[in-house]
Structures are given as C-alpha cells and as structure tokens.
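Breakdown of the fold
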Amino acid sequence: MWSRARFVHSLLRFPLSQLKRSNTMSTAPLAAGDVASNKTSAPYQIVDIGANLTSGKFGRELDQVVERALESGVFKIIVTGSSIENSKDALRLSRLYPGQLYSTAGVHPHDAKEWTDSCEQSIVELAQNPECVAIGECGLDFNRDFSPRDVQIEVFEKQVAIACRLKKPLFVHEREASEALLSVLLKYQTQLPPTVIHCFTGTKAEAKRYIDLGFYIGLTGFLWKDKAPDGVRAILEERLIPLDRLLVETDSPYMFPNVKASKVPKTIKEALTEKSLNFLNRYCSFQRNEPCALPTIVEMIAAYMKTVPQVVAMSTTQNALKVFGLM
C-alpha cells in the first residue's frame with residue numbers, strides 16, 4: 001500500500017481541475033547578557049513565506065516534511081512558483097494541504113528566456129485560485145545572468161503589470177540588480193500591491209530604499225555566512241528593518257543556516273534553543289534545507305536585533321497574514 005507521501009507525490013501529475021481545492025510584547029532591545037538567557041520551550045507560530053517544496057529533493061518525503069514543519073511551529077508555508085509548470089505544481093500542493101500550504105505563480109528571472117505569449121494567461125489563470133496568494137517568484141538576477149538582462153527586465157515588467165492589475169502581492173527576486181529592479185517598480189509606484197523582496201542579501205542602502213518605498217524584506221538562513229560590514233547582520237544589529245516590514249522564510253531546500261560555523265558569533269549560538277536546534281540538526285543540511293529550520297532563523301534574527309524570538313515570530317506572522325491575506 002502507498003504511503004500518503006507517495007500518494008501526494010503522484011498527485012503532482014494530476015490535472016489541477018481534478019483536485020479540490022496576544023498579548024503585546026515589548027520590542028525594546030535587550031541587554032547583551034539577556035539575549036542568550038532568553039531560552040524558552042514555548043512553541044512559535046511562524047509563517048514560512050518562501051519554500052520550494054515542489055523540488056525533487058523532497059519527493060516522497062513531502063508529507064513528513066510538512067508534518068515536521070508544523071511540529072516545529074511553522075503552521076503555514078507559501079510554496080514558491082518559479083515557472084509555469086512549477087507554479088501549477090505549487091498550486092496542486094496547496095490543495096492537498098488546505099489551510100497549511102499556499103502558492104505563488106510566476107516566472108523566475110533565470111527562466112525569463114522561456115517566456116512565451118501564453119505565460120501571461122497561465123499566470124492570470126493560476127492567480128485566480130484562492131490558494132495562490134502572490135505573483136512571483138519574479139524579478140532580476142544580474143549575478144548569474146541565466147537569461148539575458150534585457151529579457152529579464154521585459155519579463156519582470158510583464159509580471160509587475162499582472163500583479164497591479166489583479167491586486168495580488170509581488171514576490172520579488174533580486175540579486176545585484178537593485179537599480180534596474182527599482183527602475184521597473186517605480187513606473188508602477190502608485191499601483192503597486194504589497195511587494196516583498198524575497199531572500200534579501202543586499203546592503204544597508206538597498207534595504208533602506210526598499211523600506212522607504214513601503215516594501216517588505218524577507219530574510220533567510222543566509223544570515224549565518226553574511227559578514228559584510230553593510231550586509232544583513234549589520235542591518236539587523238542597527239534595526240534598520242522595522243518589525244512591521246520583516247518577513248521570514250527558509251527558501252528550502254536552499255539557504256541552510258549553518259549555525260555551527262565559526263562565522264556565527266558565540267552570542268548568537270548561545271541564543272538558539274534546544275528545540276529549534278533539534279529540528280535543524282536532525283532534518284536539515286546543505287543538501288536539503290526544510291521549513292522546520294525556520295525557528296532557528298527567527299532566533300538568529302532576534303539575537304542580532306537583541307530582542308526575544310517571540311517578538312520576531314509574532315511580528316513576522318502578523319505581517320505574513322496581512323500581506324498575503326492568509327486565513
């Protein structure tokens with residue numbers, strides 16, 4: 001007899017039409033000595049706004065992956081769509097786990113060269129489904145340039161226009177392309193829906209510009225290795241991202257937070273709880289990160305900001321529910 005996970009994996013190939021669809025806490029910085037002592041067994045309630053659960057790396061284990069996420073405190077996950085077929089798969093998954101998984105629909109800049117006239121209609125049709133909560137992952141990547149830059153810009157603008165027309169949030173990828181990205185987004189500034197800069201890895205100046213424009217910043221396990229003087233760690237230490245603009249994500253199966261590395265300061269390591277580390281160390285690796293790593297990311301963010309993880313968990317969850325209209 002098939003396991004449910006194997007059953008779920010097989011359903012990814014089925015046509016979409018055949019699947020049914022607190023209390024206020026202080027945000028003041030803690031004293032340095034208080035961060036490490038803030039260990040708690042209280043469960044978090046967190047939203048992972050970006051996980052690539054359609055990846056073959058999850059395969060027939062997907063059911064266990066989703067269950068582990070819930071056990072760790074990740075009670076909702078947005079499954080990223082990065083191509084038309086991938087977006088269809090993300091929607092299928094969201095229907096198999098109603099109320100826990102949601103999806104996005106878009107074409108990643110790496111795949112911009114594959115854009116055809118039918119892509120726009122496909123994204124629009126996918127976005128009409130209530131499980132689909134954003135347009136994307138779309139944007140610009142001038143680091144790898146897997147698609148020509150002019151093509152990336154053209155395809156990105158088409159998807160921005162779709163998001164504006166449908167009033168769906170934008171889920172944006174940006175690597176070494178901030179100026180070009182903003183040149184597109186500013187054309188639509190008065191029409192833009194909530195806009196999320198997913199998996200942010202940029203500078204203080206870039207973060208400030210995005211925040212000044214009202215965008216949200218999504219942070220991942222990239223934190224463990226970023227030692228740039230004006231990078232993500234410094235941004236958190238200086239509290240340049242307001243809590244009401246912060247979102248968290250794993251970008252699974254990528255962006256594994258290697259908290260054992262020497263790059264991670266001792267004070268940050270000491271702030272991590274046994275429960276979050278248990279999920280991270282047992283189930284996650286460079287080969288396959290999982291949504292259950294999200295509590296560790298939340299605790300790292302909190303430690304850099306010198307606040308308690310419950311504040312980061314509560315704030316980012318409220319933001320995610322509001323931005324994506326999750327129920």
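Residues numbered from 1 in each chain as written. Predicted model: local features only at pLDDT ≥ 70, side-chain atom pairs only at ≥ 80, totals over all residues. Heavy atoms only, no water.

Opposite charge on two side chains makes pairing possible when the charged atoms of those side chains draw close. In total, this model carries 13 salt bridges according to the counting rule given. Where glutamate 290 meets arginine 68, a salt bridge forms, and the shortest distance between an N and an O atom there is 2.9 Å. Remark: arginine 68 occurs in helix H3 (residues 62-72) and glutamate 290 occurs in the loop between helix H11 (274-283) and helix H12 (294-305); sequence separation between them is 222 residues. Classification of arginine 68 by relative accessible area gives buried; the value is 11%. In this structure, the salt-bridge partner of glutamate 131 is arginine 95, at a minimum N-O distance of 3.6 Å. In this pair, glutamate 131 sits in the loop between helix H5 (117-127) and strand E4 (132-141) while arginine 95 sits in helix H4 (residues 84-96), placing the two residues 36 residues apart along the sequence. You can call arginine 95 buried: its relative accessible area is 9%. Bridged by salt links that share partners, the residues Glu61, Arg68, Arg288 and Glu290 form one connected network. (Salt bridge = Lys/Arg side-chain N within 4 Å of Asp/Glu carboxyl O. Helix = DSSP H or I, 4+ residues; strand = E, 2+ residues; numbered from the N terminus. Buried < 20%, exposed > 50% of the residue type's maximum accessible area, 1.4 Å probe, protein only.)

This part takes up the nonpolar core. Membership of the largest hydrophobic core comes to 92 residues, with the highest contact counts inside it found for Leu53, Phe156, Val160, Leu170, Phe200, Leu219 and Ile301. Excluding its chain neighbours within four sequence positions, the residues that come into contact with valine 160 are Leu170, Val184, Leu185, Tyr188 and Leu192. The next biggest cluster of nonpolar side chains, apart from the first, holds 14 residues, and it includes Val47, Ile78, Tyr102 and Val323. (Core = buried A, V, L, I, M, F, W, Y, C linked by side-chain atoms within 4.5 Å. Contact = heavy atoms within 4.5 Å.)

The computed volume of the largest pocket comes to approximately 800 Å³. At the level of elements, E4 and strand E5 (170-175) are the ones that each hand at least two residues to the lining of the largest pocket. Among the elements that take part in the lining of the largest pocket, E5 stands out by supplying 3 residues, more than any other. Its residues assigned to classes, the lining of the largest pocket shows 6 nonpolar, 13 polar and 10 charged. (1 Å grid on protein atoms, 1.4 Å probe; cavity = no way out; pocket = protein on both sides within 12 Å on 5 of 7 lines; lining within 4 Å. Points joined across faces, edges and corners; volume = space filled by probe spheres on them. Nonpolar A, V, L, I, M, F, W, Y, C, P; charged D, E, K, R; others polar.)

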